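Remarks on the overall topology
Listed below are the residues making up each chain.
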Amino acid sequence: MSTTSAFGKSVLAVLTAGFLAATALPGSAADNIVIFDWSGYEDPAFHPAYAAKHGEEPEFSFFGDEEEAFQKLRSGFKADLAHPCSQSVSKWRDAGLLEPLDTAKLENWNDVLPGIQSMKGLMTGPDGTAYFLPFEWGNTLLTYRTDTVKPEEVTSLKAFADPKFKDRVSIGDNVDDAYALASLAIGVKDWTTLIDEQFQQASDFLREVHKNVRLYWTDNTDLSQAIAGGEVDLAWAWNETATTLLADGVPVEMKRDTTEGLSTWVCGYVRLKGAEGSEEKQYDFLNAISAPDVAAYIVESWGYGHANAKGMAAVDAQILADKGYADVDKFVSNTLFQSPMPIELRQKMIAEFEKIKAGY
């Protein structure tokens, strides 16, 4: 098992990218592609076939959450590919930001897990046009330090608002994860059905959580350092957080069986309109990240599931069990799936979350 921390991975990615760029064939950078992504996903081990073929890494530009990415793209930022998640795909598509995918050029399109393929409006638009290639899937869930928090103190997501955890809590600076937590906490599993009264209840819960928040984290490195350094004991975090911390010897645990449950999401890659890089390289990257041999690495080192069914089937059974992927039905049980929601509701969430973080 890899014991490289998230920070170490990022450093390795930068060094590797620099080396490959220095040794690339003359002129090859002229048509290089730009990936608009979450920090950390520049990890070369996610797309080894790309560098093997082209002798260089793609260029990466990063965003903190999908709303930031959406607004930046709408304002004219140029990239070739981007990495949104399930709740944002339809919004990006409807805003005219996406270029259709030519599935004939996608080697692993038909190998996506059936459960993901069946998600309405995710991989294709209403007319069947393909726009989204799933890459990874996982949870946002309660994660805690086992040396400072007792299991009986975190049986419910309401623990995030418990005064005993004042200044010891962290949740993402991410409206989707925040309202997934809040919706679950008030007993809602389908956030697309939130009525005004429930929205207010969810927002009120986040205001109570805000009183305990020490850090609104923007990437796994920030959160992991805060937990490892003893600043944060209780977090609403992705699977990656506990996976990397445990590899570094930090005593943490993911609490999958809280009374209210957890949140599940699927993320992947899209082609962007106005892309200026090589189309061939865009598809080479998409084929590299969706290749079955990437699955073992993403499960073992990052704690996420890979979208390729053949790849997941080939992962060692014990590793799948250790990471919680042995029974996919159980993995997504008692969950709020971060599915696309009405644009008006999401805009309300964005506006309200900014007020909450500001103390209003």
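Everything that follows concerns the structure shown earlier in this document.
About the cut-offs
- Residues numbered from 1 in each chain as written.
- Predicted model: local features only at pLDDT ≥ 70, side-chain atom pairs only at ≥ 80, totals over all residues.
- Heavy atoms only, no water.
- Helix = DSSP H or I, 4+ residues; strand = E, 2+ residues; numbered from the N terminus.
- Rg over C-alpha atoms; globule rule 2.2 N^0.38 Å.
- Buried < 20%, exposed > 50% of the residue type's maximum accessible area, 1.4 Å probe, protein only.
- Contact = heavy atoms within 4.5 Å.
- Areas by Shrake-Rupley, 256 points an atom, 1.4 Å probe, with all protein chains shown as cover.
- Lys, Arg positive; Asp, Glu negative; His and termini not counted.
- Charge placed at Lys NZ, Arg CZ, Asp CG, Glu CD.
- Phe/Tyr/Trp six-rings, centres within 6.5 Å; stacked < 30°, edge-to-face > 60°.
- Lys NZ or Arg CZ within 6 Å of the ring centre and 35° of its normal.
- Polar contact = N/O pair within 3.5 Å; in protein donor to acceptor, adjacent residues only side chain to side chain.
- Expected span 1.5 Å × (residues − 1).
- Axes fitted to C-alpha atoms, helices over the stretch in contact; angles between N-to-C directions.
- Parallel < 35°, antiparallel > 145°, perpendicular 65-115°, else oblique.
- Left-handed = near helix turned anticlockwise from the far one by under 90°.
- Nonpolar A, V, L, I, M, F, W, Y, C, P; charged D, E, K, R; others polar.
- Salt bridge = Lys/Arg side-chain N within 4 Å of Asp/Glu carboxyl O.
- Pairing = 2+ DSSP bridges.

**Observations concerning the overall build of the chain**
Broken down by element type, the chain carries 15 helices and 12 strands. In terms of C-alpha radius of gyration, the chain reaches 20 Å, essentially the compact-globule figure of 21 Å for 360 residues. Principal-axis analysis of the C-alpha atoms places the extent of the chain at approximately 60 × 45 × 35 Å. When burial is assessed residue by residue, the chain has 55% of its 360 residues classed as buried. The contacts of the chain with a sequence gap of at least 6 include a subset with a gap of at least 24, amounting to 76%. Summing over all exposed atoms, the chain offers an accessible surface of approximately 14,600 Å²; the carbon and sulfur share of this is 53%. Taking the average place of the 31 positive charges on the side chains of the chain and the average place of its 54 negative ones, the gap between the two points comes to 5 Å.

**What to know about the packing of aromatic side chains**
As enumerated under the stated definition, the model contains 22 aromatic pairs in all. Note that Lys72 overlies the ring of Phe77, its terminal NZ or CZ placed 4.4 Å from the centroid. It is Lys91 that lies over the ring of Phe70; its NZ or CZ is 4.4 Å from the centre.

**Focus: the side chain of Ser203**
Tracing the sequence through the fold places Ser203 in helix α7 (residues 196-210). Look at Ser203 and you get buried, because its relative accessible area is 0%. A polar contact of 2.7 Å, which involves the side chain of Ser203, links it to the side chain of Tyr179. In contact with Ser203, not counting residues within four places along its chain, are Tyr179, Glu352 and Ile356.

**A short note on α7**
Taking 1.5 Å of rise per residue, 15 residues should cover 21 Å, and α7 covers 21 Å from first to last C-alpha, within 8% of that figure. Tucked into the core, α7 has its buried residues touching β6 (169-172), α6 (175-185), β7 (213-217) and α15 (343-357).

**Topic: the packing of α6 against α7**
Packing of α6 against α7 leaves a shortest axis separation of 8 Å and a crossing angle of 110°. Considering their axes alone, α6 and α7 lie roughly perpendicular with respect to each other. Like other packed secondary-structure pairs, α6 and α7 cross with a definite hand, here right-handed. Residues Ala178, Tyr179, Leu181, Ala182, Ser183 and Ala185 of α6 form the contact with α7, whose participating residues are Phe199, Ala202, Ser203, Phe205 and Leu206. Class assignment for the residues of the contact of α6 with α7 results in nine nonpolar, two polar and no charged.

**Things to note about the pattern of salt bridges**
Side chains that differ in sign of charge can pair as their charged atoms come close. Counted by the stated rule, this structure contains 21 salt bridges. Of the charged contacts, one joins Glu153 and Lys164 as a salt bridge, the two residues approaching to 3.6 Å between their closest N and O atoms. Here Glu153 is found in the loop between β5 (133-145) and β6, whereas its partner Lys164 is found in the loop between β5 and β6, with 11 residues between them in sequence. For Lys164, a relative accessible area of 43% puts it in the partly exposed group. Note that Arg207 is salt-bridged to Glu352, the shortest N-O span being 2.7 Å. Placement of the pair is Arg207 in helix α7 and Glu352 in helix α15, with a sequence separation of 145 residues.

**Notes on the pairing of strand β8 (residues 234-238)**
For β8, the buried fraction is high: five of the five residues fall into the buried class. Residue alternation in β8 divides its side chains into two sets, Leu234, Trp236 and Trp238 and Ala235 and Ala237, and both sets are buried. One ladder, built from five bridges, connects β5 with β8; its direction is antiparallel. When the bridges of β8 are listed, Thr143 appears paired with Ala235. Note: β6 against β8, two bridges, orientation parallel. By the bridge assignment for β8, Ser170 is matched with Ala235.

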